[in-house]
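Spelled out from the first residue to the last, the chains are:
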Amino acid sequence: MTAAPTPAAIEPAARRSRPYRLASWSWTLPVLLFLGFFFVIPLGANILRSLQTGQTATNGPLFYYIKLLTDAYYAGIIVETLKVATITTLLCLIVGYPVAYFMVRFAGRWNAVIVFLLIAPLLTSIIMRTFGWRVLLARRGALTTLLVDWGVIPRPINIADEPFAVYLGLVHVLAPFMILSISAVLQKVDVRLEESARVLGASALGTFFRITLPLSLDGIATGCILVFVVTNGSFLTMLLLGGGKITTLSLLIYQQFNVAQDVGFAAAMGNLLLFVGLVSLALQARFMRRGGVKS
Amino acid sequence: MTSAVPLHLHGISKSFGAVQALHPMTQTIEGSEMLALLGPSGCGKTTTLRIIAGFETPDHGSVVIGSCDVTELPPNKRDLGMVFQNYSLFPHMTVGENVAFGLKMQGITAAERTQRAREMLALVRLTQHEDRRIHQLSGGQQQRIALARALVTNPSTLLLDEPLGALDKNLRESMQFELRAIQQRLGITSILVTHDQEEALTMSNRVAVMCDGQVIQVGRPADIYERPRNRFVAEFLGTANIVAGTVTAQTAERRWDVALTGEAGGSVPVQSDATLTTGDTILLAVRPERLELGPVRAGGLRARVQDVVFRGSYFAYELRVHGQDRPFFHYSQTRKDIPADGMVGLRWQPDNAIVLEDRP
């Protein structure tokens, strides 16, 4: 064995060529493999499926996409999907912002309790939560029974199979995401900024619209995109509470796949939904870059 | 600038739960005067400022600006300017928009806003930064922008909440003079909240020393420093050598001999306006720079030099006095010759011994 070079001789060069890192890229290999096999490949297969199976053999590879976008019935469903997602997003914003503001500005040490209450329902299955609303809203449900007992309505009605129930269920499930997104950003807005505006002559409402709201736009954008994308993808709430009165793209995919067994068409719809989600994310990223506030 | 108006606090008090944050406080801040509220954290100075600003409602009492009772008015109707410790500049606006914000709230036209904002930026010497973003400014620049923003509306009163607390030492000292110069030029009635005694002494016309929600002493900076009422004030403003003693005899009008506790036979002359009688036990305070070192004399106060520290503009001597638990300090601009055994005699002029109100 020859004498090892002295540390002083090798160290400078070693440091230059290989800076100290806690992790290296190779560590991400397992997750890349996992995502490759179970996410990217199926996605690719899905795109091929939408172009090659079923009626594409006779009508051309883009048949399902053309049908989706030009057929009045399916175009209507796309519009309805976006409408439901938009309304749900706005409802979550209206319900969520005051809660987030209260949490950050007034809750103090109760903040942790509120966060727990917001997250706790997420631990139960979405089916359980949605069925819970059925129990409350159905014809012989708790709410209608109570309303009849109080004499508000003459006889039991079924509220469970209405668009109202769908929105209720969606807001219930998704409002926590909006609240947590907004409160995370509001937390960073110093209350003294609001006080400064007040001393400088702004009313309470003026302070909100000129200071608090602009500074929390990042949180609003994040929350809105989150709720919008998740609403686009959810079908259980529409299935269990809509009573067939609200049909969205994701519900249609479920039906195409399970009932009609038109796999190609379902795949095309899935890809369209994916496209909408990606556009939303791109919009959010663009917004954060431009309007993002450094404090 | 309109003529300066005084600010009156009539017995304002505030409790948070069981904690009395502010005991009833009555104080008048004269027009164009700067009053410093000085005290450790939790002394009620910030609560006082927040009551004046309108962020807190006092449990009792009233706040009167000029002749207008503003106690029930919201902050935006009080005609105030305020500078916060962390400046609280709006991060989503440019420097110019920040300064003009108050004018915008008053409904002043864009052209006039720009012009007046520029005048204010000139006042704080940051004219060329009008279009910058806040995060592009240094701490000192942010501080000056915050001042410009607070002054642009010609408020009747300026509130300063630890305005220089976030700056480093050199910048803080130069800003003290700059802020004071601007305040005096505009002649705006001002209240400065600070825990930094140097800041209070440098910037204000009068200092109100607060502790536990009460004002302990109010006076001109030099008066408070030279004649602190009690131990708290003496020790919070600068350093004080405090020693207990017993009045043994009156030697002349306003002059007494005091035998120091723990020092056998040691007796020092004291001159004071306080009414003392023979046999009273009292606390004396002597400022370190008023203490004189000399040769040991029989019957005089003696001390052993423990340590000498060079503090830049002066030398600090740590002295161990026989029979005293706590060390004495002596500040001197020149280095003294200390005998080999380290023993020195301590003296002071009779009127440099301050008789404190507390009793040992």
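First, a word on what this report is: a plain description of the structure on this page.

Scoring rules and cut-offs
- Numbering of residues starts from 1 in every chain and runs along the sequence as written.
- Think of it this way: whatever chain is written first is A, whatever ligand is written first is 1, and the rest follow in order.
- Owing to the predicted nature of the model, reporting of local features is limited to residues with pLDDT of at least 70; listing and counting of side-chain atom pairs is limited to 80 or more, with chain, interface and lining totals taken over all residues.
- Segments assigned H or I by DSSP are reported as helices when at least four residues long, segments assigned E as strands when at least two residues long, and all are numbered from the N terminus.
- Each residue gets a C-beta atom placed from its backbone, and two residues are in contact if those atoms lie within 7 Å.
- Take the buried Ala, Val, Leu, Ile, Met, Phe, Trp, Tyr and Cys residues, join any whose C-beta atoms are within 7 Å, and the set you get is a nonpolar core.
- Once C-beta atoms are placed from the backbone, each residue is buried if 20 or more other C-beta atoms lie within 10 Å of its own, exposed if 12 or fewer, and partly exposed for counts between those two.
- Charged residues are taken to be Asp, Glu, Lys and Arg, nonpolar residues to be Ala, Val, Leu, Ile, Met, Phe, Trp, Tyr, Cys and Pro, and polar residues to be all remaining types, Gly included.
- Lines fitted to C-alpha atoms define the axes here, with helix axes fitted over just the stretch in contact, and angles between the N-to-C directions of these axes take values from 0 to 180 degrees.
- For this classification, under 35 degrees means roughly parallel, over 145 means roughly antiparallel, 65 to 115 means roughly perpendicular, and everything else is oblique.
- Each helix should span, by expectation, one fewer than its residue count multiplied by 1.5 Å.
- Whether two strands pair comes down to DSSP finding at least two bridges between them.
- Take the far helix as your reference; a near helix turned counterclockwise from it by less than a right angle gives a left-handed crossing, and one turned clockwise gives a right-handed crossing.

A look at the environment of A:Pro61
Residue and element names in this part refer to chain A.
No. 1: Relative to the assigned elements, Pro 61 resides in the loop between α3 (56-59) and α4 (63-70).
No. 2: Remark: the alpha-carbon pair of Pro 61 and Ile 220, spanning 159 residues in sequence, is separated by 40 Å.
No. 3: Excluding residues within four positions of it along the chain, Pro 61 makes contact with Leu 51, Gln 52 and Thr 56.

Examining the nonpolar core
No. 1: Ranked by internal contacts, the top residues of the largest apolar core, which has 156 residues, are A:Met269, B:Ala36, B:Ile191 and B:Leu284.
No. 2: At 15 residues, the largest contribution of residues to this core is made by helix α9 (residues 163-186) of chain A.
No. 3: Setting aside residues no more than four positions away along its own chain, B:Ile191 makes contact with B:Ile29, B:Leu35, B:Leu37, B:Leu49, B:Ile52, B:Leu159 and B:Leu160.

Quick look at the interface of chain B and chain A
No. 1: Taken together, the contact between chain B and chain A spans 18 residues of the former and 18 residues of the latter.
No. 2: Of all the secondary-structure elements, those providing two or more residues to the side of chain B that touches chain A are β6 (80-83) and α2 (95-105) of chain B.
No. 3: Broken down by element, the side of chain B that touches chain A gets its largest block of residues, three residues, from α2(B).
No. 4: Here the side of chain B that touches chain A is composed, by residue class, of ten nonpolar, eight polar and no charged.

Some points on the packing of α2(B) against helix α4 (residues 139-151) of chain B
Residue and element names in this part refer to chain B.
No. 1: Two elements in contact, α2 and α4, have axes whose closest approach is 6 Å; the angle formed by their N-to-C orientations is 30°. Taken together, the axes of α2 and α4 lie roughly parallel to each other. Across the interface between the two elements, Val 95, Asn 98, Val 99, Phe 101 and Gly 102 of α2 pack against Ile 145, Ala 148 and Arg 149 of α4.
No. 2: Class assignment for the residues of the contact of α2 with α4 results in five nonpolar, two polar and one charged.

Points about α4(B)
Residues and elements named next belong to chain B.
No. 1: Along its 13 residues, α4 runs 19 Å from first to last C-alpha, staying within 8% of the 18 Å computed at 1.5 Å per residue.
No. 2: Most of α4 is tucked away: ten of the 13 residues are buried.
No. 3: Residues of α4 that are buried: Gln 142, Gln 143, Arg 144, Ile 145, Ala 146, Leu 147, Ala 148, Arg 149, Ala 150 and Leu 151.
No. 4: The secondary structure elements touched by the buried residues of α4 are β6, α2, α3 (110-123), β7 (157-161) and α5 (169-186).

Topic: the sheet that holds strand β16 (residues 301-310) of chain B
Residue and element names in this part refer to chain B.
No. 1: Spatial strand order, β15-β19-β16-β17-β18: five strands in an open sheet with antiparallel pairing. The strands lining the two open edges of the sheet, one partner per strand, are β15 (292-294) and β18 (328-332). Adjacent strand axes in the sheet meet at a mean angle of 45°, parallel and antiparallel pairs treated alike.
No. 2: Two elements, β15 and strand β19 (residues 343-347), share three bridges in a ladder whose sense is antiparallel. Looking at the pairing, Gly 294 lines up with Gly 345 of β19.

Some points on unusual backbone geometry
Residues and elements named next belong to chain B.
No. 1: With phi around 65°, Ser 32 is a residue other than glycine that occupies positive phi space.
No. 2: Following the sequence through the fold, Ser 32 ends up in the loop between β2 (19-29) and β3 (34-38).
No. 3: Of note in the backbone geometry, Ser 88 takes a positive phi value of approximately 50° without being a glycine.
No. 4: Assignment of secondary structure puts Ser 88 in the loop between β6 and α2.

Topic: the environment of B:Thr202
All names here are of chain B.
No. 1: The topology assignment puts Thr 202 in helix α6 (residues 197-203).
No. 2: The class of Thr 202 is partly exposed, set by 16 C-beta atoms lying within 10 Å.
No. 3: Sequence separation between Thr 202 and Ala 36 is 166 residues; the distance between their C-alpha atoms is 9.9 Å.
No. 4: Those residues in contact with Thr 202, other than ones at most four positions away along the chain, are Gln 176 and Arg 180.

Description of the pairing of strand β17 (residues 315-321) of chain B
Residues and elements named next belong to chain B.
No. 1: Relative to β17, β16 runs antiparallel, the two being bridged by seven bridges. Bridge pairing in β17 places Val 308 opposite Tyr 317.
No. 2: Following β16, the chain reverses through four residues before pairing antiparallel with β17; Gly 312 in that reversal takes a positive phi of roughly 95°.
No. 3: Counting the residues in the hairpin turn of β17 and β18 gives six residues, including Gly 323, whose phi is positive at 90°.

Some thoughts on the sheet that holds strand β12 (residues 255-260) of chain B
No. 1: In spatial order, the strands read β13-β12-β11-β14-β20 (chain B); together these five strands make up an open sheet with antiparallel pairing. Two strands lie at the open edges of the sheet, namely β13 (267-271) and β20 (354-355) of chain B, each paired on one side alone.

A word on the packing of helix α7 (residues 126-137) of chain A against α9(A)
Residues and elements named next belong to chain A.
No. 1: As a packed pair, α7 and α9 sit with axes 10 Å apart at the nearest point and diverge in direction by 140°. One element, α7, and the other, α9, form an angle in the oblique class. The chirality of how α7 crosses α9 is right-handed. On α9, the residues that touch Ile 126, Arg 129, Thr 130, Trp 133 and Leu 137 of α7 are Ala 165, Leu 168, Gly 169, His 172 and Val 173.

Remarks on the pairing of β16(B)
For a regular strand, the rule is simple: side chains alternate between the two faces of the sheet.
No. 1: Two elements, β16(B) and β19(B), share four bridges in a ladder whose sense is antiparallel. Note that in β19(B) the partner of B:Ala303 across the bridge is B:Val344.

Some remarks on the environment of B:Glu173
No. 1: One can find B:Glu173 in helix α5.
No. 2: With 15 C-beta atoms packed within 10 Å, B:Glu173 lands in the partly exposed category.

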